[in-house]
Amino acid sequence: MNEFEMLAELIFPDITLTPEQCEIDFPPRDLPEGARVTRFAPSPTGFLHIGGLFTALVNKLTAKSTGGTFLLRIEDTDKKREIEDGVSEIIKGLTDFGVEIDEGVIGFNKESGAYGPYQQSHRKTIYQAIAKRLVQEGSAYPCFCSEDDLNELRARQEEQNVNKGYYGEWAKCRDLSFEEQKRRIEAGEPFVLRLRARGDGSHRITFDDMIKGKIEMPENNMDVVLLKTDGIPTYHFAHAVDDHFMRTTHVIRSDEWIASVPLHIALFKACGFRVPKYAHVSPIMKEEDGNKRKLSKRKDPEAAVSFFTEQGFPKESVIEYLLTLINSNFEDWRKANPRAPQADFPFNLKKMSPSGALFDLVKLTDVSKNVISLMTADEVCENAVRWAESYDPELYKLFTENREYATAIFSIDRGTAKPRKDIAKWSEVRGYVEYFFDEIYKNNYVLPEKISNKDAAAILEEYIKVFNFEDDKDTWFAKMKEICPLLGYAANVKEYKNDPDKFKGHIGDLSTVVRVAITSRVNTPDLHSIIRLLGEEKVEARLNDALEYYRNN
Ligand code: GLU
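Everything quoted here is computed from the prediction, not taken from an experiment. Throughout this document, residue positions are counted from 1 along each chain, in the order its sequence is written. Reporting in this predicted model follows two pLDDT cut-offs: at least 70 for local features of residues, and 80 or more for side-chain atom pairs to be given and counted; totals over whole chains, interfaces and linings ignore these cut-offs and use all residues. The side-chain figures draw on all heavy atoms in the structure; neither hydrogens nor water molecules are used.

1. Some points on the overall build of the chain
Note on conventions: DSSP H or I runs of at least 4 residues are helices, E runs of at least 2 residues are strands, and numbering of each starts at the N terminus. Looking only at helices and strands, the chain has 23 helices and 15 strands in total. For a compact globule of 553 residues, the expected C-alpha radius of gyration is about 24 Å, and the chain comes in at 33 Å, more than 25% above that figure. Along the three orthogonal principal directions, the C-alpha set of the chain runs to about 110 × 45 × 45 Å. Residue exposure (1.4 Å probe, protein chains only): buried if accessible area is under 20% of the type maximum, exposed if over 50%, otherwise partly exposed. Out of the 553 residues in the chain, the part that is buried amounts to 51%. Here a residue-residue contact requires only that any non-hydrogen atoms of the pair lie within 4.5 Å. Of the contacts made within the chain by residues no fewer than 6 positions apart, 73% connect residues no fewer than 24 positions apart. The charge count includes Lys and Arg as positive and Asp and Glu as negative, but it does not include His or the ends of the chains. The atom standing in for a charge is NZ when the residue is Lys, CZ when it is Arg, CG when it is Asp and CD when it is Glu. The chain carries 76 positive and 91 negative side-chain charges, and their two centres are separated by 3 Å. For a compact globule the rule gives 2.2 Å times the number of residues to the power 0.38, and the radius of gyration it is set against comes from C-alpha atoms.

Given below as structure tokens:
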């Protein structure tokens with residue numbers, strides 16, 4: 001045994017696992033040519049950020065569009081940042097939006113796949129097996145510097161105005177003699193394990209980022225920490241080990257990691273691993289006072305994906321909106337294929353924008369109205385029921401007890417060539433259906449300013465006289481037109497426009513009064529359908545109540 005080998009035995013006496021065995025345990029995947037293996041690797045810090053969902057979606061689409069595999073790995077080496085339920089939150093966040101996991105952590109203490117464990121805290125032996133080999137080869141060494149030593153080092157570097165960090169001649173423990181290492185380890189002195197960087201910082205490396213393009217940076221010259229004093233790996237070392245043995249082909253992650261790529265390449269090389277392809281995703285930005293900034297968990301409720309679930313944006317809407325940010329050709333594709341499933345979109349990683357997309361809630365709302373307008377009445381009802389079950393128990397009860405009636409409400413004007421786009425999220429459904437249920441209906445007889453309560457009373461009086469619940473749509477409308485002249489209103493808009501002074505208003509104003517009397521809204525889907533659905537008794541009662549109100553106010 002040479003000194004490096006003796007040192008490795010001293011540090012890792014119990015590690016019998018070898019890198020060769022890991023290669024056998026986690027063999028290259030048997031996948032078709034061109035299939036990409038991607039992963040989403042969040043830390044369980046308690047919530048899923050919309051930017052995280054965005055990155056996960058890019059990973060999922062990359063795998064799916066190439067017949068590959070998308071896996072979920074949980075990076076829980078930093079126990080200080082972890083919160084209870086963090087893992088469940090992430091899985092719920094992904095599944096709520098249909099970003100299904102092919103492999104990896106799939107539930108609390110539940111995994112699927114042959115490349116696990118997929119939770120870093122359960123992979124300690126694998127990291128140590130690789131670290132042991134690095135020590136044997138002289139590529140890693142124990143460092144006994146204390147916090148104070150490191151602070152002092154930093155202060156001296158500051159004084160001399162040189163790059164900060166543990167490198168080159170500053171790396172005090174790099175060349176300790178084996179005797180000293182042995183003595184200090186046997187004395188129980190705490191130590192971390194550091195990489196012995198091969199580069200001295202004088203060279204530059206280039207790599208092709210699949211989103212950002214060609215990037216050139218100084219090579220790594222830092223003796224970074226691989227294992228902390230407790231033997232737990234740092235993010236950097238775990239990234240190299242995990243993505244190698246999980247056989248990730250494409251590392252697609254947030255661009256905050258770009259600066260670390262030279263180090264990561266150095267780590268892959270030191271371990272003898274093939275370097276994966278990298279694609280760095282820009283953060284989702286928000287515009288505020290003319291400036292762009294990252295969406296922040298603290299300031300922006302929409303930063304957490306749970307916001308969209310609580311508000312009741314359908315998962316299809318959120319994904320549809322994210323797709324518009326992911327590939328600039330998505331909207332053209334959508335125009336050409338208005339009803340095609342999202343899964344048919346030919347996603348292309350290379351078409352991702354290298355700069356940060358702006359998050360626009362107004363645009364999401366529009367996208368969502370469109371998505372919901374294309375759903376069947378049954379789908380709308382089912383989605384609304386599922387949402388109400390968690391967030392609006394009263395509505396849930398009304399819908400489940402009157403399921404057919406509820407579905408009929410959503411059938412009005414649906415499935416036409418130009419469906420109405422008036423619901424953006426399930427939390428708006430209550431307002432949309434309120435006047436169909438006496439239990440939650442609150443009347444509000446406010447009219448457009450140009451119609452006085454006195455005129456409204458006159459209109460309703462005449463209308464009640466001719467109203468017949470059995471009338472078909474044409475007869476019903478013809479009757480409204482018939483009473484127009486009696487009340488001083490034009491029976492059609494053209495007639496009114498020819499000589500506005502001659503009339504109080506036109507048929508549109510008259511039907512507004514009837515609409516408000518029945519629904520307390522100036523805007524609704526087809527009023528005749530509403531009347532038929534509400535039933536004779538309810539409609540007559542509403543007309544009479546409104547008449548009474550306009551007479552007395
Ligand atoms: N755990 C890292 C994070 O949450 C993951 C980075 C990566 O995808 O490699 O930022």
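Picking up where we left off.
2. What to know about the sheet that holds strand β5 (residues 140-143)
Spatially, β5-β6-β9 is the arrangement adopted by the 3 strands of the open sheet, whose pairing is antiparallel. In this open sheet, the two strands that pair with only one neighbour each are β5 and β9 (225-227). Strand-to-strand twist of the sheet, defined as the mean angle between neighbouring strand axes without regard to direction, takes the value 45°. We call two strands paired when DSSP finds no fewer than two bridges between them. Alignment of β5 against strand β6 (residues 192-195), held across 4 bridges, turns out to be antiparallel. Counted as the bridge partner of P142 is L193 from β6. Convention adopted: a line fitted to C-alpha atoms gives each axis, helices being fitted over their contacting stretch, and angles between N-to-C directions are expressed from 0 to 180 degrees.

3. With respect to the site of the ligand
When at least one non-hydrogen atom of a residue lies within 4 Å of a molecule or strand, that residue is treated as near it. Near the ligand, the surroundings consist of R39, A41, P42, S43, E75, Y235, R253 and W257. We define a polar contact as two N or O atoms separated by no more than 3.5 Å, with the added condition that, inside protein, one atom must be a possible hydrogen donor and the other a possible acceptor, whereas residues neighbouring each other in sequence contribute only through side-chain atom pairs. A distance of 2.8 Å is found between a nitrogen atom of the ligand and a backbone nitrogen or oxygen belonging to A41. In this structure, an oxygen atom belonging to the ligand sits 2.4 Å away from a side-chain N or O atom of Y235. Each residue is assigned to one of three groups, with Ala, Val, Leu, Ile, Met, Phe, Trp, Tyr, Cys and Pro labelled nonpolar, Asp, Glu, Lys and Arg labelled charged, and all others, Gly among them, labelled polar. When the residues that make up the shell around the ligand are grouped by side-chain class, the tally is 4 nonpolar, 1 polar and 3 charged.

4. Side note on the pairing of strand β8 (residues 213-218)
In the sheet, strand β7 (residues 204-209) pairs with β8 via 6 bridges, with the strands oriented antiparallel. In the sheet register, T206 faces β8, and the bridge partner there is E216. In sequence, β7 turns back onto β8 through a hairpin of 3 residues.

5. Quick look at the packing of aromatic side chains
Pairing of aromatic side chains requires ring centres within 6.5 Å, counting the rings of Phe and Tyr and the six-membered ring of Trp. Pairs whose planes differ by under 30 degrees are stacked, by over 60 edge-to-face, and all others tilted. With the rule as written, the count across this model stands at 26 aromatic pairs. Residues Y321 and F359 carry aromatic rings whose centres are separated by 5.3 Å and whose planes lie at 90° to one another, so their mutual orientation is edge-to-face. On the criterion of sequence distance, the pair formed by Y321 in helix α11 (residues 315-326) and F359 in the loop between α12 (330-336) and α13 (361-373) is long-range, its members being 38 residues apart. The exposure classification of Y321 matches that of F359, with both residues buried. Site record: aromatic cluster; members linked through ring pairs are F399, Y405, F410, Y432, Y435, F436 and F437. By definition here, charges over rings are those cases where NZ of Lys or CZ of Arg is within 6 Å of the ring centre and within 35 degrees of the ring normal. When the ring centre of Y166 is taken as reference, the NZ or CZ atom of R194 above it lies at 3.7 Å. Residue placement shows R532 over the ring face of F469; its charged tip is 4.3 Å from the ring centre.

6. Concerning the side chain of D300
Here D300 lies in the loop between β13 (291-294) and α10 (306-311). For D300, a relative accessible area of 3% translates into the label buried. At 3.4 Å, the side chain of D300 forms a polar contact with the side chain of K286. Once residues lying within four places of it in the same chain are set aside, the contact partners of D300 are K286, R293, K294 and L295.

7. Side note on helix α21 (residues 507-519)
Take the number of residues in a helix, subtract one, and multiply by 1.5 Å to get its expected span. Between its first and last C-alpha, α21 extends 18 Å over 13 residues, near the 18 Å set by a 1.5 Å rise per residue. Judged by how many residues are buried, α21 sits mostly within the fold: 12 of 13 residues are covered. Among all positions in α21, only I507, D509, L510, S511, T512, V513, V514, R515, V516, A517, I518 and T519 are buried.

8. Section: the packing of helix α8 (residues 235-245) against helix α9 (residues 261-271)
Where α8 contacts α9, the axes come no closer than 9 Å and their chain directions differ by 55°. Compared by their axis directions, α8 and α9 come out oblique. The way α8 lies across α9 gives a crossing that is right-handed. Across the interface between the two elements, Y235, H236, F237, H239, A240, D243 and H244 from α8 touch L263, H264, L267, F268 and C271 from α9. By residue class, the composition of the contact of α8 with α9 is 7 nonpolar, 4 polar and 1 charged. In this scheme, roughly parallel covers angles under 35 degrees and roughly antiparallel covers those over 145, while 65 to 115 is roughly perpendicular and the rest are oblique. The sense of a crossing depends on the near helix, which, turned anticlockwise from the far helix by less than a right angle, makes the crossing left-handed and, turned clockwise, makes it right-handed.

9. So, the environment of F467
Tracing the chain through its elements places F467 in the loop between α18 (453-466) and α19 (473-487). Under the relative-accessibility criterion, F467 is labelled buried at 12%. Taking C-alpha positions, F467 is 71 Å from E33, a pair spaced 434 residues apart along the chain. Discounting chain neighbours no more than four positions away, the residues touching F467 are I531, V539, E540 and L543.

10. So, the environment of L267
Inspection of the secondary structure assignment puts L267 in helix α9. Expressed as a C-alpha distance, the spacing of L267 and A240, which sit 27 residues apart in the sequence, is 6.5 Å. The residues touching L267, leaving out its near neighbours within four places in the chain, are L195, L226, H236, F237 and A240.

11. Let's talk about the packing of helix α3 (residues 50-64) against α11
Direction vectors running N to C along α3 and α11 enclose 75°, while the axes themselves pass 11 Å from each other. The orientation of α3 with respect to α11, classified from their angle, is roughly perpendicular. Here α3 contributes I50, L53, F54, L57, V58 and L61 to the contact with α11, which in turn contributes V318, I319, L322, L323, L325 and I326. Tallied by class, residues from the contact of α3 with α11 come to 12 nonpolar, no polar and no charged.

12. With respect to the pattern of salt bridges
Counted as salt bridges are all cases of a side-chain nitrogen of Lys or Arg within 4 Å of a carboxyl oxygen of Asp or Glu. As enumerated under the stated definition, the model contains 44 salt bridges in all. Residue D455 pairs with K504 through a salt bridge whose shortest N-O separation is 3.0 Å. Remark: K504 occurs in the loop between α20 (493-498) and β15 (505-506) and D455 occurs in helix α18; sequence separation between them is 49 residues. The class for D455 is buried, based on a relative accessible area of 16%. When salt bridges that share partners are traced, they join R39, R73, E75, R123, D242 and D243 into one network.

By themselves, these figures tell us nothing about what the structure is for.
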